[in-house]
Amino acid sequence: MHEWALAEAVVAAARQIAKKEGLKEVKEVVIKVGELQQVELEIFEFALSKLEAQGFEGTEFNISLAKTELQCRVCEHKWLFDKTNLAEDTVEAIHFVPEVIHSYVRCAKCGSPDFKLLKGRGVWIERLRGAK
Amino acid sequence: MVDPRKSIIDQRLGKIGRIIAVSSGKGGVGKSLVATTFALTLVQKGYNVGLFDLDFTSPSTHIILGAEDVQPIEEKGIIPPVVHGLEYMSLVFYTKDHATPLRGADVSNALIELFAITIWSNLDFLIIDMPPGIGDAMLDLIRLVANIEFLIVTTSSRLAFETVKKQAVLLQDLKVSTIGILENMKMDNNGCIQAQTGELGLRFLGGISFDPTVEEAIGDKSQLLGTAFARKVAEILGEP
């Protein structure tokens, strides 16, 4: 249910954007969810639906997954995150705080933990559409 | 593209009275011991207190507390476990015994994530154990936590105080509240640090002599609170 906290953040951010842009109504919030954080989409969507009552009645939350791309800073090797060979508690730790991936994952080519997350880290708002 | 996590941090910290970052421009001055003992002292006085270890790459408060076999609970966010009466949060719950080599952007991201998802209860104080230096963690706290207060720890060494001085001046320039400077592992009574703190226009909180019994007390709360070090922390910081 940590997804609930992320959904609350999305709603709070959408409210701030709407206020800043003078929107009376928010019609659509486009949300990207990076695979690295392994957000349970069903729970996330459920949380958003419950939070809709707080001023987002009729808002469409459009959620899609984004692949996680990593790049080694040492050898520049690029790869996509894959949890297949990770232990369950490691996967769970990365779910809570994606940066702990640096404690558990190494570059497949040179073995360095010094890599960057190019894209697909966690939850972000791609765009918001509304009416003034 | 908007990162939504920052928008919820004010709400997450909304039920906390005071947020105090125990910090130092220099490493090895005893920040973690001061922060942990300070937090435990406040619990003894009956306050509701949280302790948040933000030293992601070198966490140590869990060792000082002897926090074993505890883990946050997931429930509409992350509920910190209670350790010796403290609500306690650390990245070590997720990194375990592994090294955590993080660059600045990763430190910021992990810090924002933990502030966004950790659900603290009604606290009188949240004490933050900071990493050394004036880098990402300090700048992020200033950026993200509106009512942050800094408590600066130094030793008697010029090597420590020279960097602490820069930190103190920077915080003053940025108009960030600083409670004062604490001299830890005090070597003599020449009053040098006190005088220089006064020259900076800051409050000298007090000096704590080096206490060799502290090392043995690490991991044992009762023993730690019985040390001369802890008694001095309570005398100086008991009513912050």
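Structure: see above.
Nothing here was measured: the structure is a model prediction, and the numbers come from that model. (Residues numbered from 1 in each chain as written. Chains lettered and ligands numbered in written order. Predicted model: local features only at pLDDT ≥ 70, side-chain atom pairs only at ≥ 80, totals over all residues. Heavy atoms only, no water.)

Enquirer: Can you help me understand the sheet that holds strand β5 (residues 115–119) of chain A in this one?
Expert: Backbone hydrogen bonds hold the strands of a sheet together, and the pairing may be parallel or antiparallel. Residues and elements named next belong to chain A. Ordered by their spatial adjacency, three strands build an open sheet running β4-β3-β5, and the pairing between neighbours is antiparallel. Every interior strand has two partners, whereas the edge strands, β4 (78–80) and β5, have only one. Here the average twist between neighbouring strands, direction ignored, is 30 degrees. By the bridge criterion, three bridges tie strand β3 (residues 69–72) to β4 in an arrangement that is antiparallel. Paired with Glu69 across the bridge in β4 is Leu80. (Pairing = 2+ DSSP bridges. Helix = DSSP H or I, 4+ residues; strand = E, 2+ residues; numbered from the N terminus. Axes fitted to C-alpha atoms, helices over the stretch in contact; angles between N-to-C directions.)

Enquirer: I keep staring at a negative patch on the surface and nothing clicks. Help me out?
Expert: Together, A:Glu88, A:Asp89, A:Glu92 and B:Glu74 make up a region of like negative charge exposed at the surface. For the negative patch, the leading source of residues is helix α3 (residues 88–96) of chain A, giving three residues. Looking at where A:Glu88 falls in the secondary structure, it is placed in helix α3. (Patch = residues over 30% accessible without salt bridge, like charges linked within 9 Å, V, L, I, M, F, W, Y side chains within 5 Å. Areas by Shrake-Rupley, 256 points an atom, 1.4 Å probe, with all protein chains shown as cover. Salt bridge = Lys/Arg side-chain N within 4 Å of Asp/Glu carboxyl O. Lys, Arg positive; Asp, Glu negative; His and termini not counted. Charge placed at Lys NZ, Arg CZ, Asp CG, Glu CD.)

Enquirer: Just checking my understanding: could you explain the packing of helix α2 (residues 31–44) of chain B against helix α11 (residues 228–237) of chain B for this structure?
Expert: Working note: a packed helix pair is described by the angle between its axes plus the distance between those axes. Residue and element names in this part refer to chain B. Close contact between α2 and α11 brings their axes to 9 Å; oriented N to C, the two are set at 70 degrees. With respect to α11, the axis of α2 lies roughly perpendicular. Note on packing geometry: the crossing formed by α2 with α11 is right-handed. Judged by residue contacts, Leu33, Val34, Thr37, Phe38, Thr41 and Leu42 of α2 engage Phe229, Ala230, Val233, Ala234 and Leu237 from α11. Of the residues that constitute the contact of α2 with α11, the class distribution is nine nonpolar, two polar and no charged. (Parallel < 35°, antiparallel > 145°, perpendicular 65-115°, else oblique. Left-handed = near helix turned anticlockwise from the far one by under 90°. Contact = heavy atoms within 4.5 Å. Nonpolar A, V, L, I, M, F, W, Y, C, P; charged D, E, K, R; others polar.)

Enquirer: Quick question: what am I supposed to make of the interface of chain B and chain A here?
Expert: Many structure descriptions define interface size as the accessible area lost when the parts assemble. Opposite the 30 residues of chain B that make contact, chain A presents 32 residues. Carbon and sulfur atoms supply 62% of the area buried between chain B and chain A, which totals about 2,700 Å² over both sides. At the boundary of chain B with chain A, the tally comes to three salt bridges. Between B:Arg103 and A:Asp114 there is a salt bridge, with its nearest N and O atoms 2.8 Å apart. With seven residues, helix α5 (residues 104–117) of chain B is the largest single contributor of residues to the side of chain B that touches chain A. For the side of chain B that touches chain A, a count of residues per class yields 14 nonpolar, seven polar and nine charged. (Buried area = accessible area lost by both parts, 1.4 Å probe.)

Enquirer: How should I be thinking about the pattern of salt bridges in this particular structure?
Expert: A side chain with one charge may pair with a side chain of the opposite charge, provided their charged atoms come close. With the rule as written, the count across this model stands at 15 salt bridges over all chains. The residue A:Arg121 makes a salt bridge to A:Glu99 at a minimum N-O spacing of 2.6 Å. Taken together, the residues span a long stretch of sequence, with A:Arg121 in the loop between β5 and β6 (123–131) and A:Glu99 in the loop between α3 and α4 (101–104) at a distance of 22 residues. The closest approach of N and O atoms between B:Glu113 and A:Arg121, which form a salt bridge, is 2.9 Å. Of this pair, B:Glu113 sits in helix α5 while A:Arg121 sits in the loop between β5 and β6, on two different chains.

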